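# Inside the fold
Each chain, letter by letter, is given below.
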Amino acid sequence: MMLLDTPPAESHTFAEDVHGILIGTTLVALAIQFLRASELFTGQIAGLSLILSYPTGWSFGATFFLLNLPFYWLAIRQLGWRFTVKNFCAVALMSTMVDGLPYVLKIQPLHPAIGASLFGILAGMGLLSLFRHGATLGGVGIVALWLQDRNGFKAGHTQLLFDLGVFSIALLLFPWTVVAWSLMGAVILNGIVTINHRRDRYIARS
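Quantities reported herein were computed from a predicted structural model and do not represent experimental measurements. (Residues numbered from 1 in each chain as written. Predicted model: local features only at pLDDT ≥ 70, side-chain atom pairs only at ≥ 80, totals over all residues. Heavy atoms only, no water.)

### Focus on helix α6 (residues 140-151)
Quick reminder: α-helices carry 3.6 residues per turn. Residues three or four places apart thus point the same way. Put simply, the rule is: To qualify as a helix, a DSSP run of H or I must reach at least 4 residues; to qualify as a strand, a run of E must reach at least 2; elements of each kind are numbered from the N terminus. Expected span of a helix: the number of residues minus one, times 1.5 Å. Each residue is placed in one exposure class: buried if its accessible area under a 1.4 Å probe, protein chains only, is under 20% of its type's maximum, exposed if it is over 50%, and partly exposed if it falls in between.
The first and last C-alpha atoms of α6 sit 16 Å apart over 12 residues, in line with the 16 Å expected at 1.5 Å per residue. All buried positions along α6 are accounted for by Val140, Gly141, Ile142, Ala144, Leu145, Trp146 and Gln148. Looking one or two places after α6, you find Gly152, whose phi comes out positive at around 80 degrees.

Next comes the structure, spelled out in C-alpha cells:
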C-alpha cells in the first residue's frame, strides 16, 4: 500500500497501522500480566514461552522473541516483507512491554477464573487490533492468517488446534486444574478471534 494523504476507505494509513499495532501489543502485554498473577499459561508461542519461563526463570520477553524467529521465514516467503516487518516490530514491542510492565504495574494474585477471563478478553481484542492492521505476534498467528487468506480456514481454528497440542504437553508439567483454567482463557481468546476476524465483516487492509 502506498502512503497517501487521503487513502481509499478500505485501506489503513501508516499512522493508523502504527496506532493499531501499539494498541494491540499493549493489550496483549497487559493480558499476560493477568496470566502471571493467576499462575496460568496460554497456548501458541506465548504459552510455550510462559511454560519455559516458570521453572527456569528465563525472561518471557527474550524467550518469546527467540521462539518466533523461525516463523519469519514463512512470513517472508508467503506474506511479504511488509507483513514480516510489522510482525517483527509487534513481537519486539510486546516482548519489551511484558518484561517492563511489572516495574510499573503490580497485580495482586487473582483467582484463576478472573485471570483467565481477563486474559482471554484482553488478548483477543489485542490480536484483533493486530490482525486488522496486517500484523500478528508471530508464530502461529502467521500460519493462521496465511491459511485463512489462502484456504479460508478460520484463523481462530488454527490457533485453537495448536493450543490443544500445547495444553496436552502442559498436562505432563502442571496440575490439571491449572491446565483447565488456562484452557478456559485460550478458548475465550480464540472465540473472540473466530467470531470477529472475518473478511466479509471487516475489509480494511494495509
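From this point, the discussion proceeds with the structure in view.
### Thoughts on the pattern of salt bridges
Opposite charge on two side chains permits them to pair, given that their charged atoms come into close proximity. Defined as follows: We define a salt bridge as a contact between a side-chain nitrogen of Lys or Arg and a carboxyl oxygen of Asp or Glu at a distance within 4 Å.
If you walk through the whole model with that rule in mind, you get 3 salt bridges. Arg82 serves as the salt-bridge partner of Asp17, at 3.9 Å between the closest nitrogen and oxygen. Here the residue Asp17 occupies a position in helix α1 (residues 14-38), and Arg82 occupies one in helix α4 (residues 71-100), the gap between them amounting to 65 residues. Judged by its relative accessible area of 38%, Arg82 is partly exposed. Across the pair Asp17 and Lys86 runs a salt bridge whose closest N-O atoms are separated by 3.0 Å.

### What about the packing of α1 against helix α5 (residues 112-131)?
Which entries qualify depends on this criterion: Every angle, taken between N-to-C directions, lies between 0 and 180 degrees, and every axis is a line fitted to C-alpha atoms, over only the stretch in contact when it is a helix. Every angle not falling under 35 degrees, over 145, or within 65 to 115 is termed oblique; those three ranges are roughly parallel, roughly antiparallel and roughly perpendicular. The handedness criterion is simple: a crossing whose near helix is rotated anticlockwise from the far helix by less than a right angle is left-handed, and one whose near helix is rotated clockwise is right-handed. Classification convention: Asp, Glu, Lys, Arg as charged; Ala, Val, Leu, Ile, Met, Phe, Trp, Tyr, Cys, Pro as nonpolar; all other residues, Gly among them, as polar.
It is at 8 Å that the axes of α1 and α5 come closest, and there the two elements cross at 165 degrees. It follows from the interaxial angle that α1 and α5 lie roughly antiparallel. Regarding α1 and α5, the two cross each other, and that crossing is left-handed. Partitioned by chemical class, the residues of the contact of α1 with α5 number 17 nonpolar, 7 polar and no charged.

### A few points about the nonpolar core
Where we set the bar: Residues belong to a common nonpolar core when they are buried Ala, Val, Leu, Ile, Met, Phe, Trp, Tyr or Cys residues joined through side-chain atoms within 4.5 Å. A contact between two residues is defined here by any heavy atoms of the two lying within 4.5 Å.
Counting residues in hydrophobic clusters, the biggest one holds 46 residues, and the most contacted among them are Phe41, Phe60, Phe64, Met94 and Leu137. In terms of residue count, the dominant contributor to this core is α4 (8 residues). Among residues more than four places away in sequence, those in contact with Phe41 are Leu35, Leu50, Ile51, Phe167, Ala170, Phe174, Val178, Val179 and Ser182.

### A word on the side chain of Asp17
Selection rule: Throughout this description, a polar contact denotes any pair of N or O atoms lying within 3.5 Å of each other; where both atoms belong to protein, one of them has to be capable of donating a hydrogen while the other can accept it, and for residues adjacent in sequence the pair is counted only when both atoms sit in side chains.
You can call Asp17 buried: its relative accessible area is 2%. Separated by 3.0 Å, the side chains of Asp17 and Lys86 make a polar contact.

### Structural notes on a nonpolar patch on the surface
Inclusion rule: Exposure above 30% relative accessible area and the lack of any salt bridge qualify a residue for a patch; like charges then connect within 9 Å, and the nonpolar side chains Val, Leu, Ile, Met, Phe, Trp and Tyr within 5 Å. All accessibility values rest on the Shrake-Rupley procedure with a 1.4 Å probe; residue burial counts only the protein chains present in the view.
On the surface, Phe14, Val18, Leu22 and Leu93 cluster together into a nonpolar patch covering about 320 Å² of accessible area. For the nonpolar patch, the element with the highest residue contribution is α1, accounting for 3 residues. Relative to the helices and strands, Val18 resides in helix α1.

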